[in-house]
Amino acid sequence: MLDKIYRPSEVEAKHYRLWEESGAFAAHTESNARPYVIMMPPPNVTGSLHMGHALNTTLQDVLIRYHRMNGYDALWQPGMDHAGIATQMVVERNLEADGIKRTDMTRAQFIERVWAWKAKSGGTITDQLRRLGASPDWTRERFTMDEGLNRAVRRVFVELYQQGLIYRDKRLVNWDPKFQSAISDLEVEQRETKGSLWHFRYPIEGEPGRFIVVATTRPETMLGDTGVAVHPDDERYRDLVGKYAILPLVGRRLRIVADIYADPETGSGAVKMTPAHDFNDFEIGRRHGLDFINILDAAARTNDAVPEAFRNLDRFEARRRVVAAMEAEGLVEKIDDHVHMVPHGDRSGVPLEPWLTDQWYADAKTLAQPALQAVEDGRTVFVPKSWENTYFEWLRNIQPWCISRQLWWGHQIPAWYGPDGTIFVAETENEANAQAERHYGAPTLLTRDPDVLDTWFSSALWPFSTLGWPASVPEVPRYYPGRVLLTAFDIIFFWVARMMMMGLHFLKDVPFHTVYIHALVRDGKGQKMSKSKGNIIDPLDLIDRYGADALRFTLAAMAAQGRDIKLSDQRVEGYRNFATKLWNAARYALMNECRPQSGFDPRAARLTVNRWIIGEAVTLGTQVSAAIDAYKFNEAAGALYHFAWGTFCDWYLEFTKPILTGDNAAAKAETRAVTAWVLGRMMHYLHPFMPFLSEEIWEQMGVAEADGPLITATWPDHDPSLVDAAAAVEMDWVVRLISTVRGVRSEMNVPASSQLTVFLKDASPAALQRLATYQDLILRLARLYRAGALDGAVPKGSAQAILDEATVILPLADVIDLDQERARLRKELAKIEHDISKIDRKLGNPDFVAKAPEGVVEENRERRAEAERTLQRLQDALARVS
């Protein structure tokens, strides 16, 4: 028997342990079943569960549990990412707490410390995923730095190098002066900064008294200027194109070039060119053959390329001195206050520098072409489809991919240098030495490249490296490609596109057939969660308070395609109440001896109410299956909620109470069997969304002992012959009549204790027959003392509503003050119309729409939609008593 109160923490711990110990999550390579594969986006080894993880994991688990129950050999491949820069930062911070710097030890000693940290503290997130109910095959868990994946990374690097698709080049990178490493665009955080815009005058060579004015937010970079750009159609400067300006403080000649990048409408229309310290200038410098002068070292201090007075200065001190020197020479035209976005390292917190340095690059443009074609051809599709445009935009404008990082933790690049700088790329040091011996004619000492690969490089191999590639193992042909990838939009380029590139290049097929892009989880006001706003919602806190199933169901119910999720405690609490409703319904059924009957055939049901609920349950199964298959998780959850709370609990259980407490033994036996059958089906359909609650109820129903746990049970088929259309029409009419009466009672503030009369006017014989057949139910559930047909005039002071061909008449003159109720309704109508007008004025104001804080405009649109619904309800209520 179920306890009176549902205690999620007890149920969740018990069932997760049983599932994992029984091997319920395992894929079976030797199986003849059709494989269904999802590659879990590997969380960082340093990470902890946040709401984005919770949403992504919930939706993946819904799919994997659903397909497992549908007989697939379901592989959900788990693992963790080594998170190069994040992990190195954590371990360095721990060392600093002990008074030790990374540079105080050898690389090998530091790496040993990182592995020790991982063994002790890494992987916390996998335990948290278990709390959420995730059911991946943990026995196959991988780590992007384990030996198998390390081998895959080396193989890919070597082959791409041999094919000319990996090379060394000197280009600009996002440089973090604190970590002294290149970082990826995803690790760049744009921060709004109050600064200045300095307008400097550069003298024109050979034309005393003539200057060209340029503006900059980084005056120190002028020391590296090698040109000035103007627009080719700008009449002001046409005579200067091809001539030279003289760089103040340095004396360098700056060629004036014509380039469409210069905007005549912005500032003076002239732009200083610092090709070694600005991404746009870098491209212009290449187009026009300008010099590239790097004026900063790895710590962002000025180097020997600048005049002696400005050497060995921190970049911000150099800025101060440059401005002072320009002012002393009278070459500052003006200084404007300027608010602009400055790129910072998301972990170091320091401003980044575009820095010219030698790095390893992958030829992303060549690798991207098959990846583009695959989506254009429909071999991989995005859901929602609109995200394909983002994918296309990024890949059609792709730049060389900087794959090297100046870190110690990560996949060390398999490249060695000879004494003359010759590069030897090989999977092992022995192979590199052999290459060098062939090259030099004798054994030669080599030095390994100290850099490591971008974390995204190993992540790009995730769909096949985790299966054992490049070894010849059965898992690769069986489980590659996967069925679907679920991820967030912000890594479409960084991860999705790169997996497409690598999968197509090395395995000649797309890594997944569908890419489902889930929405952002925002706070209840629609604002993005952040520490600075103090609005972060901790999923583990919600699980502790409301249970994992409540959180999972909330996220699924709100996961409408293309729409961000506004999450609040109240939402999760509401679905906790749904879990309680299910628990109480199951407890009620078991208390009334509604247990599964061996050999029960739903086709044998005779009572209309039972044939109706059987058909409704079959229809529910069809709806849930279709919605999950189409990745419409919110529609599946919505169908489950409305059936479970409404159709089953509020209607069927109420309809059948008199049967279960009555004297008709046959009717009682049939109803008990049907109730148990429907409850069992409902647990199957709920299981992907609420696995713990459904498993516990299934166990308490006494089915698990004979048929096994629900997690490995078979998804029910949806036999359309079990849908009795006549029973559905009949019971639907009863539900709608009772709902209509209840609606009028609520709208007109009829006291709950008042027993009313209901008449049907102009009703068909079939409707009157139903009224007679179900009169006892209707009287009880609508709180009536009489129900019948009306042949004469409608009593004065009646509320009226339409039900099919009939008019439902509720005499209210002796129960409530109708004039007072009409006045109340008109007052509420006036207020809601005023509210709608206020919202319309806001939304019609372009300034409000442009300047409103994040989420406010959407919140107002939602408030307006809700107000419109209220308006319609009040108008309908007033019409009933007019």
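This report concerns the structure included in the present document.

So, how was this worked out
Residues numbered from 1 in each chain as written. Predicted model: local features only at pLDDT ≥ 70, side-chain atom pairs only at ≥ 80, totals over all residues. Heavy atoms only, no water. Helix = DSSP H or I, 4+ residues; strand = E, 2+ residues; numbered from the N terminus. Buried < 20%, exposed > 50% of the residue type's maximum accessible area, 1.4 Å probe, protein only. Contact = heavy atoms within 4.5 Å. Areas by Shrake-Rupley, 256 points an atom, 1.4 Å probe, with all protein chains shown as cover. Lys, Arg positive; Asp, Glu negative; His and termini not counted. Charge placed at Lys NZ, Arg CZ, Asp CG, Glu CD. Pairing = 2+ DSSP bridges. Polar contact = N/O pair within 3.5 Å; in protein donor to acceptor, adjacent residues only side chain to side chain. Phe/Tyr/Trp six-rings, centres within 6.5 Å; stacked < 30°, edge-to-face > 60°. Axes fitted to C-alpha atoms, helices over the stretch in contact; angles between N-to-C directions. Salt bridge = Lys/Arg side-chain N within 4 Å of Asp/Glu carboxyl O. Core = buried A, V, L, I, M, F, W, Y, C linked by side-chain atoms within 4.5 Å. Disulfide = S-S within 2.5 Å. Right-handed = clockwise from strand over helix to strand, strands pointing away. Patch = residues over 30% accessible without salt bridge, like charges linked within 9 Å, V, L, I, M, F, W, Y side chains within 5 Å.

### Some details on the overall build of the protein chain
Turning to step 1, where the next piece is worked out: Within the protein chain, the regular secondary structure consists of 29 helices and 29 strands.
Turning to step 2, where the next piece is worked out: Its C-alpha atoms give the protein chain principal-axis dimensions of about 110 × 65 × 55 Å.
Turning to step 3, where the next piece is worked out: Residues counted as buried form 54% of the 882 residues belonging to the protein chain.
Turning to step 4, where the next piece is worked out: Long-range contacts, defined as pairs at least 24 residues apart, comprise 77% of the intrachain contacts of the protein chain with a sequence gap of at least 6.
Turning to step 5, where the next piece is worked out: As displayed, the protein chain has an accessible area near 38400 Å², and 49% of this comes from carbon and sulfur atoms.
Turning to step 6, where the next piece is worked out: When the 104 positive and 119 negative side-chain charges of the protein chain are each reduced to one mean point, those points stand 3 Å apart.

### Quick notes on the pairing of strand β7 (residues 188-203)
Turning to step 1, where the next piece is worked out: Two elements, β7 and strand β13 (residues 332-345), share 13 bridges in a ladder whose sense is antiparallel. Of the residues in β13, the one forming a bridge with Val188 is Gly345.
Turning to step 2, where the next piece is worked out: Pairing of β7 with strand β8 (residues 211-216) involves 6 bridges; the strand directions are antiparallel. Bridge pairing links Arg201 to Val213 in β8.

### Considering helix α7 (residues 279-288)
Turning to step 1, where the next piece is worked out: For α7, the set of buried residues is Asp281, Phe282, Ile284 and Gly285.
Turning to step 2, where the next piece is worked out: In the core, the buried residues of α7 are packed alongside β5 (166-176), β12 (270-273) and β14 (353-362).
Turning to step 3, where the next piece is worked out: The N-cap of α7, judged by a side-chain oxygen 2.9 Å from the amide nitrogen of Asn280 a few residues on, is Asp278.
Turning to step 4, where the next piece is worked out: In the stretch just after α7, Gly289 is the one whose phi turns positive, near 70°.

### Some thoughts on the packing of aromatic side chains
Turning to step 1, where the next piece is worked out: Applying the stated rule across the entire model yields 43 aromatic pairs.
Turning to step 2, where the next piece is worked out: Considering the side-chain rings of Tyr161 and Trp360, the 6.0 Å spacing of their centres and the 65° angle between planes classify their relative orientation as edge-to-face. Of this pair, Tyr161 sits in helix α6 (residues 147-162) while Trp360 is found in strand β14, placing the two residues 199 residues apart along the sequence.
Turning to step 3, where the next piece is worked out: The class for Tyr161 is partly exposed, based on a relative accessible area of 27%.

### Describing the sheet that holds strand β10 (residues 244-246)
Turning to step 1, where the next piece is worked out: Strand order across the open sheet formed by 4 strands is β10-β11-β9-β12, with mixed pairing between neighbours. A single partner strand is all that each edge strand has here, and the edge strands are β10 and β12. Geometrically, the sheet is characterised by an average inter-axis angle of 30° between neighbouring strands, direction not taken into account.
Turning to step 2, where the next piece is worked out: With 4 bridges joining them, strand β9 (residues 227-230) and strand β11 (residues 253-258) adopt parallel strand pairing.

### Some thoughts on the pattern of salt bridges
Turning to step 1, where the next piece is worked out: By the definition in use, this model includes 63 salt bridges.
Turning to step 2, where the next piece is worked out: As a salt-bridge pair, Arg315 and Glu353 come within 2.9 Å of each other at their nearest N and O atoms. Here Arg315, found in helix α8 (residues 315-328), pairs with Glu353, found in strand β14; they are 38 residues apart in sequence, far enough to count as distant. Per residue, the accessibility class of Arg315 equals that of Glu353, and both read buried.
Turning to step 3, where the next piece is worked out: Through salt bridges with shared partners, one network takes in Glu207, Arg210, Asp239 and Lys243.

### A short note on the environment of Glu437
Turning to step 1, where the next piece is worked out: Of note, Glu437 is situated in helix α11 (residues 429-440).
Turning to step 2, where the next piece is worked out: Under the relative-accessibility criterion, Glu437 is labelled partly exposed at 39%.
Turning to step 3, where the next piece is worked out: Ignoring any residue separated from it by four or fewer positions in sequence, one finds Glu437 in contact with Ala442 and Pro443.

### Considerations on the nonpolar core
Turning to step 1, where the next piece is worked out: Counting 164 residues, the largest nonpolar core has Met51, Phe553, Phe648, Phe655 and Phe689 as its most contacted members.
Turning to step 2, where the next piece is worked out: For this core, the element with the most residues is helix α20 (residues 633-660), which contributes 15 residues.
Turning to step 3, where the next piece is worked out: Excluding residues that lie within four positions of it along the chain, Phe648 makes contacts with Ala585, Ile613, Phe643, Leu653, Thr675, Val678, Leu679 and Met682.
Turning to step 4, where the next piece is worked out: In terms of nonpolar packing, the next biggest core, distinct from the first, is built from 64 residues, Leu367, Leu395, Val496 and Met501 among them.

### Concerning helix α15 (residues 492-507)
Turning to step 1, where the next piece is worked out: In terms of burial, α15 is a largely internal element, 15 of the 16 residues being buried.
Turning to step 2, where the next piece is worked out: Positive phi appears at Lys508, one or two residues downstream of α15, with a value of about 60°.

### Here we look at the state of the cysteines
Turning to step 1, where the next piece is worked out: Across all of its chains, the model carries 0 disulfides by this definition.
Turning to step 2, where the next piece is worked out: For Cys649, which is in no disulfide, the shortest distance to another cysteine sulfur is to Cys594 and amounts to 13 Å.

### Points about the environment of Pro846
Turning to step 1, where the next piece is worked out: Position of Pro846 relative to the elements: it lies in helix α28 (residues 846-851).
Turning to step 2, where the next piece is worked out: Taking relative accessible area as the criterion, Pro846 reaches 61% and is therefore assigned exposed.
Turning to step 3, where the next piece is worked out: Sequence spacing of Pro846 and Thr714 is 132 residues, and the spatial spacing of their C-alpha atoms is 55 Å.

### Brief notes about the pairing of strand β1 (residues 35-39)
Turning to step 1, where the next piece is worked out: The buried fraction of β1 is high, at 4 of 5 residues.
Turning to step 2, where the next piece is worked out: Pairing of β1 with strand β2 (residues 73-77), which is carried by 5 bridges, proceeds in the parallel orientation. Each residue of the ladder has a partner; that of Pro35, found in β2, is Asp73.
Turning to step 3, where the next piece is worked out: Taken together, β1, helix α2 (residues 51-69) and β2 form a β-α-β motif whose crossover is right-handed.

### Some remarks on the side chain of Asn860
Turning to step 1, where the next piece is worked out: The topology assignment puts Asn860 in helix α29 (residues 856-880).
Turning to step 2, where the next piece is worked out: Among residues more than four places away in sequence, those in contact with Asn860 are Ile839, Lys842, Leu843 and Phe848.

### Looking at a positive patch on the surface
Turning to step 1, where the next piece is worked out: Where like charges cluster on the molecular surface, the positive patch consists of Lys838, Arg841, Lys842 and Arg863.
Turning to step 2, where the next piece is worked out: Examining the composition of the positive patch, we find that 3 residues originate from one element, helix α27 (residues 818-843), more than from any other.

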